Amino acid sequence: MKVLCVATVGLLAMASPIFAASVTVPDNLPALAGVAATTTALLLDAGLKAQNGGGGVLVVEAKNFHCDQHSNAAVDAASVHAGLPTLKCRINSQNKRGSTAGQAFGEGRAMTDLLQKVEGSGGGAAFTDCAMGYCGTFAKSIKCTIDTKIDNFSNGGRWSCVFIDGQ
């Protein structure tokens, strides 16, 4: 009986949504070249402040990044949005369709493109879920570091980002 209980608890823990996937992307990773630097720039452009992480490292983080995307394929052809997907993104938001919590994130298309690259890299993260003309995108955390001690931007190692899904 004890073995059955332990096995059940183990299976529940493995299936639990509290175990989010984390993918670290350094700027010198050939498969995801430019992703860390571009993500860092998007976070800073969105007005997020870099915090001192110590040792010459700055940290910028977006928490609870959420997007709602609608395909608009079924919209009347006379509509300007017909056939064009709409995308609304927010940070400090809820992972809930139509959420208005948090602050608007204006560079949502660029960030969702980067999240799709990270998701497709085989790291196990799942940021997007789609069904019936709607896609929801959610990242629990997008945290980037800037190593200010590295002043040669071409050699790599200056930027690195950790992407955590909310699954």
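All residue numbers here refer to positions counted from 1 along the written sequence of the relevant chain. Selection of residues for local features in this predicted model requires a pLDDT of at least 70, selection of side-chain atom pairs for listing and counting requires 80 or more, and totals for whole chains, interfaces and linings are taken over all residues. Hydrogens and water are ignored here; the side-chain numbers use all heavy atoms of the structure.

Novice: I'd love a proper account of the pattern of salt bridges, names of residues and values included.
Specialist: Within this document, salt bridges are pairs made up of a side-chain nitrogen of Lys or Arg and a carboxyl oxygen of Asp or Glu, the two lying within 4 Å of each other. Under the definition given, this model contains one salt bridge. One salt bridge in this structure joins D147 and K149, with 3.2 Å as the shortest N-O distance.

Novice: Give me the state of the cysteines: which residues, what numbers.
Specialist: Note on terminology: pairs of cysteine sulfur atoms within 2.5 Å are recorded as disulfides. According to the stated counting rule, one finds three disulfides in the structure shown. Note on cysteine connectivity: C67 is disulfide-linked to C89, with sulfurs 2.0 Å apart. On the S-S bond that ties C67 to C89, the torsion sits near 110°, and the link is right-handed. With a gap of 22 residues between them, C67 in strand β3 (residues 57-70) and C89 in strand β4 (residues 86-91) connect regions that are remote in the sequence. Considered together, C67 and C89 belong to a single accessibility category, that of buried residues. Here C144 engages in a disulfide with C161; their sulfurs sit 2.1 Å apart. Taking the sign of the S-S torsion, 105° for the link of C144 and C161, the bridge is right-handed. Separated by 17 residues along the polypeptide, C144 in strand β7 (residues 134-147) and C161 in strand β8 (residues 159-165) bring together distant segments of the chain. The two residues C144 and C161 agree in class, both being buried. Each disulfide in the chain links cysteines that, numbered along the sequence, combine into the pattern 1-2, 3-4, 5-6. Helix numbering and strand numbering both begin at the N terminus, where a helix is a DSSP run of H or I of at least 4 residues and a strand a DSSP run of E of at least 2. Using a 1.4 Å probe on the protein chains alone, a residue whose accessible area is under 20% of its type maximum counts as buried, one over 50% counts as exposed, and one in between counts as partly exposed.

Novice: Go over unusual backbone geometry with me, naming the residues and quoting the values.
Specialist: Even without a glycine there, the phi angle at N92 is positive, about 55°. Mapped onto the fold, N92 is located in the loop between β4 and β5 (103-104). Among the residues examined, N92 registers a relative accessible area of 39% and is labelled partly exposed.

Novice: Which residues make up helix α3 (residues 108-119), and what values go with them?
Specialist: One less than the number of residues in a helix, times 1.5 Å, gives the span that helix is expected to have. Counted at 1.5 Å a residue, the expected span for α3 with its 12 residues is 16 Å, and the 16 Å between its end C-alpha atoms agrees. Burial in α3 covers these residues: G108, M111, T112, L114, L115 and V118. Each buried residue of α3 sits inside an arc of 160° when the element is viewed along its axis, so together they form one side. Contacts are residue-level and defined by heavy atoms, with any inter-residue pair within 4.5 Å sufficient. On the buried face of α3, the contacting elements are β1 (22-26), α2 (35-45), β3, β4, β7 and β8. Arc, as used here, means the arc of the directions from the helix axis to the C-beta atoms.

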